[in-house]
Each structure stands twice: as structure tokens, then as C-alpha cells.
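Notes for the structure review
Here are the chains, one letter per residue:
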Amino acid sequence: MVPSGLPPAACGTPLISLLLVCCLLPPGAPGQQFQLRAEVQSPVVPAGGSFLVNCSSDCPNPELITLETSLSKEQVGNGLGWAAFQLSNATTDSQVLCSGFCNRVQMIGSSNITVYRFPERVELLPLPRWQPVGENFTLRCQVAGGAPRTSLTVVLLRGEEELSRKPAFGEPAEVTATVLAGRDDHLANFSCRTELDLRPQGLELFRNSSAPRQLRTFALPVTTPHLVVPRFLEVGTNWSVICTLDGLFPASEVQVQLALGNQTLNPTVESHGDTTTATATATASVEQEGAQEIVCNMTLGSDSWETRENLTIYSFQGPILNLSEPSAPEGTAVTVTCLAGGARVQVALEGLPAAAPGQPAQFQLNATEMDDRRIFFCNATLEVDGEILHRNSSVQLRVLYGPKIDQAKCPQRLTWKDKTIHVLQCQARGNPDPQLHCFQEGSGKEVPIGIPFLVRLKHNGTYSCEAASSRGRHTINVVMNVRDRNARAVNIVLGVFVVLGVVTISAALLYVFSMHKRSGAYRVNQGTTSLPLTSKQPEEAVGEDNF
């Protein structure tokens, strides 16, 4: 209990720790023993903090109650049987001692004060810059300060996973843990944490954590990078350079450098699983012509892997194929020339022997209609590093000649039936392409060419078909004979009537003859011994064509 008369400030804070010590009596002294109590606001205080101590006694007439301590103190109240003191700037564990007299006998009461402080430094020492997968590494956490050490624990963590828990000993305290590095540890955060557990003293669990440190793990490849480059590269052309490395973890962390001679390339790097692929575009310049080297270097941490490949940069211009007259009138002399385009380039025109290296190849012809659209070919060869490279060029000659109608493709006589559909097939050639038209003589009406049309009797007649261009004209005549579809039907009807007439006459004669025989009398014409017979004319042929 708090004695009455305690200052309000003291009364506002409960006194939660009490240590009682009996009064000290001389040996053999008779009488009742009284107690002097040292009541402390809290026996566990933060470093530099202050606390209240109340010294009280159950002695009826206590005298000279005071407090003995090494700390700064200030009496904040007193009364019959008690005295209260405010202590400040507690820095170390200490003991406070209350003393007084009862009936001239000294009374003493004491209480232990525990000072707690948080660690001044909690640090996880640096991790390896790169840690090989499958090998152990050590986590080291240093803790400076912190009290009481008996309540201080150090915990090592991977993320939120607890790896080790040990008490803090020494100054500074160092706690270690051995960890086997795996791929899952790549980019994992490791840290350490202190726990000051003052819950048994009525306070709480205080935690201090270090800054996290990130671990990088790696697995080395068993091969060198694979570099894909062309054996030859022509000046002014682009080519993709591909460099691949398998079995390197983490592939996404690899630094790649690609270079063509002194030219640094700008690669695009992609990673899939444990495979790293770098792709860059190389452009060969005239200054790089000759033997060159492409270098691929991949670096992870302090390890690097390098591959080199040779290539030859060459210049291959040509062949350059020209015609003296790309569009030549018929009968004109045309020269065909193929230029080498380089001192080491050898060219050959189709059908002719190859010229000497660096020399042109050419020949001349007299252009005819048969040469129109003729294509000339030139082949160029260049030896590069023991390999023969080929390149071709072609050019087409156009010969200008007048129009001609092909009589084999334009029949001069046609026989068609009225009211049937036909196509007038007629073709002409020439350069430039001629225009072909067919007009009926007399009427001047045009008949379509190459298009189906309905043939009528009015189409009967002779047509003048003319092909015309800027180079001249060519004309042929086409006779179109159109027959009436009803003519055959009339012939059939007439034939039927003739047959019916013959049959009727024959039947009449047979009847008369039979009647005379029955009567037993008949006469024979004296002028002849045979019956007059009429011969039948042959039926007219049905059509001359089968359209």
C-alpha cells in the first residue's frame, strides 16, 4: 500500500516492485521487529530513465528515513513513516537502499534496479558477391550494445524464415549460421534480428532488425559460348550474329559483349531457363574488308566465358550487264556488254568463253523480230578464301517491229449457222502491241474478236481484219458464210412428199392390173414390152457442216 500523504505525482504511478528487509537489532535486544520497505515504481527501467522509490516503515515512530543510491535523487514527499524519492539518469544496473531508525535501532530495505537498453547496432555482415549453388556460406550477425544480455537473443532470417536463434554473448556479440546455397536463394533477402524479452518483468518483447542483404547465387556452364556467324560477309550487307551459352544460372544476370574487329555491336539479350542468347546485327564496311574476327564475351560476377570466330569481309560488285539499245528497231546492231565490277571478278556471257579477271565480256547482234523479249545472262565469279562465289545478272532486249497477223491463228474462211454463238479467233503480233479490228466490207460494221457473239444472217460476207501500230499496218480478208437453219427442213418436207407420191402411183397401178386379170382381158401397149418407170432423184445432202 502507498502511505497516505504521498505526493500526487507519486500516487499517480503504481509501485510494482517491493523488497522488504527487517530492521537490524543489536544482539540480544528484546522487543518487536519492524520493517523498512523499499518500494520501486519499476525495477526495470530504460537507460537514462527515471523512477520513483518510496521508503516506508511499519514502525510507530520511525526516524531519519532516507535513501542511499549512486543515482541522482530528489525527495518528492514524506510523512509519518514514509519518504518518496525521484531517481533519474539510470545508466547501469544498481541497488537502492532505504534506511531509517525505529527506537534507535537501524532499519534497512533495498531493491535491485535493472537498466535495459536496445542494441546500438544490429548488422548482418556482407554476403559473398556471387555464391556458387551447392556450396555453403556463413551468415554473420554482429550486435553492439543491448542489455540485459540474459534477455537478449539473436535470430538469423531468410526472408521471414528463421534459420538460427542464439543468445547474445560478448561485446560486440557475433552470431553465425551456415547455409547451403541453392537456386532458390538467388535474390533472396537475408537479415538478422535481436529480441529483448522483458515480458517476465511486466514489459514487452522488443525487436531490432538489421538492414537486409540480398544474395546472388550462380551455377557455372560446362561449355563455352556457341557463336554463329557467316563465313563470308559482303561489304554493305547486314548479317545476324548469334551467341548462345547453355547451363549458366542465372541466365538473366549475364552481361554480353559482341564485337566485330574494333566495332562494338549492340546485342539484344534474351534468357530462357539456363540459356542465354545474344543477337546483334553486323554491318560490314569497306574499311573492314579482309580477314576479321568476331568475339562473344559473357560475364557473370567475376567469371567470364569467351568465344572467337573468323570471317572474311569481301567486296563483290557486278556483274553489270548493259545493252547499247535496250529497245532497238528491227535491223539495228545491238552490243551486249557485261562489266566485271572489280579487279578480281571474272565475268562470262551466256554461250561465250569467260573473260579475263577484271575484263568485260561483250558481243554484237543484228536485232530481228525473233530477238524481241530475248533475255541475256551474265555470270560473275569471285574467289574468297578458297571458295568460289557466284552472282548472276540478266537483261531483256525489246525489238521494235511492225504488226503481223498470224494466218495460222486467223482462219480466212468460216461457215457458221444462223442464230448460233461463235468466237472469231484472230491474233496479231508486233512491238509495240498492235490494235486488231475486223470490219465488214460494204456495211463497215465491226465484228468482235475473241468474244462470243450471236451469229445472224446479216453477218454473212467478207471482212477486212487490220492490225495497226506506230510501226505500220497489216491486213487480211476473212470470209464468213452464214447458212439459214430452215433450209434443211424444207428439203426434208419435199422429200417426204415425193416418196408419198411414188407410193400412191404404185398402189394405183397394182390395183388396175389386178382388176384386168380377174376379167381375163387386158391389153398390152404395142409400142413397148415394159412399164414406164420414173426414177427418184437423190435427196439433197443435209448440211455441209455440223456446228
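Note that this is a predicted model, so its numbers are computed, not measured.

What follows covers the pattern of salt bridges. On inspection of all chains with the given rule, the structure shows 24 salt bridges. When the shortest N-O distance is used, the salt bridge between D385 and R231 registers 4.0 Å. Of this pair, D385 sits in the loop between β33 (374-384) and β34 (387-405) while R231 sits in the loop between β19 (226-228) and β20 (232-234), and the two are 154 residues apart along the sequence. Classification of R231 as partly exposed rests on a relative accessible area of 43%. Taking the shortest distance from any N to any O, the salt bridge between E369 and K404 comes out at 2.9 Å.

Going through the model one piece at a time under the given rule, you end up with seven aromatic pairs. Relative to F206, the ring of Y116 lies with its centre 5.8 Å away and its plane at 15°, an arrangement referred to as stacked. Of this pair, Y116 sits in strand β9 (residues 105-124) while F206 sits in strand β16 (residues 205-209), placing them 90 residues apart in sequence. Neither residue differs from the other here; Y116 and F206 are each classed as buried. Here the aromatic residues Y116, F118 and F206 are joined through ring pairs into a cluster of three or more. One Lys or Arg, K73, reaches over the ring of F85 and ends 5.8 Å from the middle of that ring. Residue placement shows R391 over the ring face of F316; its charged tip is 4.5 Å from the ring centre.

Let us now look at the environment of R193. Mapped onto the fold, R193 is located in strand β15 (residues 189-197). Under the relative-accessibility criterion, R193 is labelled buried at 13%. Separated by 40 residues in sequence, R193 and T153 place their C-alpha atoms 8.3 Å apart. When near neighbours in sequence (up to four residues on either side) are disregarded, R193 contacts T153, V154, V155, L157, R165, R207, N208 and S209. Side-chain polar atoms of R193 contact the side chain of E195, separated by 3.2 Å.

It is worth spelling out the sheet that holds strand β22 (residues 255-260) at this point. On the basis of which strands lie adjacent, the open sheet formed by five strands has the order β20-β27-β26-β22-β23 and mixed pairing. Strands at the two margins of the open sheet, each flanked by one partner only, are β20 and β23 (263-265). Going across the sheet, the axis of each strand differs from the next one's by a mean of 30°, ignoring polarity. As judged from the three bridges shared by β20 and strand β27 (residues 303-314), these two strands associate in the parallel manner. Bridge pairing links E234 to Y314 in β27.

Mapped onto the elements of the fold, Q440 is located in strand β38 (residues 435-440). Judged by relative accessible area, Q440 falls into the buried class, the value being 11%. Among the polar contacts made by the side chain of Q440, one reaches the main-chain carbonyl oxygen of K458 at a distance of 3.1 Å. Look past the residues within four positions of Q440 in its chain and what remains in contact with it is K445, K458, H459, N460, G461, T462 and Y463.

In this section: the nonpolar core. Ranked by internal contacts, the top residues of the largest apolar core, which has 26 residues, are L227, V241, L258, L260, L265, I294 and M298. Among the elements that make up this core, the one with the highest residue count is strand β26 (residues 290-300) (four residues). Residues in contact with L265, not counting those within four places in the same chain, are V241, L258, A259, L260, A280, T281 and A282.

This part takes up the sheet that holds strand β35 (residues 413-417). Strand order in the open sheet formed by five strands is β35-β42-β41-β38-β39, and the pairing between neighbours is mixed. One side of each edge strand has no neighbouring strand; the edge strands of this open sheet are β35 and β39 (446-447). For β35 and strand β42 (residues 472-483), the ladder comprises five bridges, and the chain directions are parallel. Along β42, the bridge assignment pairs L414 with M480.

Time to look at the side chain of Q288. Among the secondary structure elements, Q288 is positioned in the loop between β25 (275-283) and β26. Within the structure, the side chain of Q288 is placed 3.1 Å from the side chain of Q263, a separation counted as a polar contact. If we ignore the near neighbours within four places in the chain, the residues touching Q288 are L260, Q263, T283 and I313.

Let us look at the state of the cysteines. Here the structure, examined in full by the defined rule, presents seven disulfides. Paired by a disulfide, C59 and C102 hold their sulfur atoms 1.8 Å apart. Because the sign of the S-S torsion sets the handedness, a value of about 80° for the bond joining C59 and C102 places this disulfide among the right-handed ones. In this pair, C59 sits in the loop between β4 (49-57) and β5 (62-68) while C102 sits in strand β8 (residues 94-102), placing the two residues 43 residues apart along the sequence. Like C59, the residue C102 is buried in the burial classification. Shown here is the disulfide that connects C438 with C465, its sulfur atoms set 1.9 Å apart. Across the disulfide from C438 to C465, rotation about the S-S bond amounts to roughly 115°, and the bridge is consequently right-handed. Separated by 27 residues along the polypeptide, C438 in strand β38 and C465 in strand β41 (residues 461-469) bring together distant segments of the chain. In this pair, the class of C438 matches that of C465, namely buried.

Parameters and conventions
- Residues numbered from 1 in each chain as written.
- Predicted model: local features only at pLDDT ≥ 70, side-chain atom pairs only at ≥ 80, totals over all residues.
- Heavy atoms only, no water.
- Salt bridge = Lys/Arg side-chain N within 4 Å of Asp/Glu carboxyl O.
- Helix = DSSP H or I, 4+ residues; strand = E, 2+ residues; numbered from the N terminus.
- Buried < 20%, exposed > 50% of the residue type's maximum accessible area, 1.4 Å probe, protein only.
- Phe/Tyr/Trp six-rings, centres within 6.5 Å; stacked < 30°, edge-to-face > 60°.
- Lys NZ or Arg CZ within 6 Å of the ring centre and 35° of its normal.
- Contact = heavy atoms within 4.5 Å.
- Polar contact = N/O pair within 3.5 Å; in protein donor to acceptor, adjacent residues only side chain to side chain.
- Pairing = 2+ DSSP bridges.
- Axes fitted to C-alpha atoms, helices over the stretch in contact; angles between N-to-C directions.
- Core = buried A, V, L, I, M, F, W, Y, C linked by side-chain atoms within 4.5 Å.
- Disulfide = S-S within 2.5 Å.

Remember, this is a structural readout, not a statement about activity or role.
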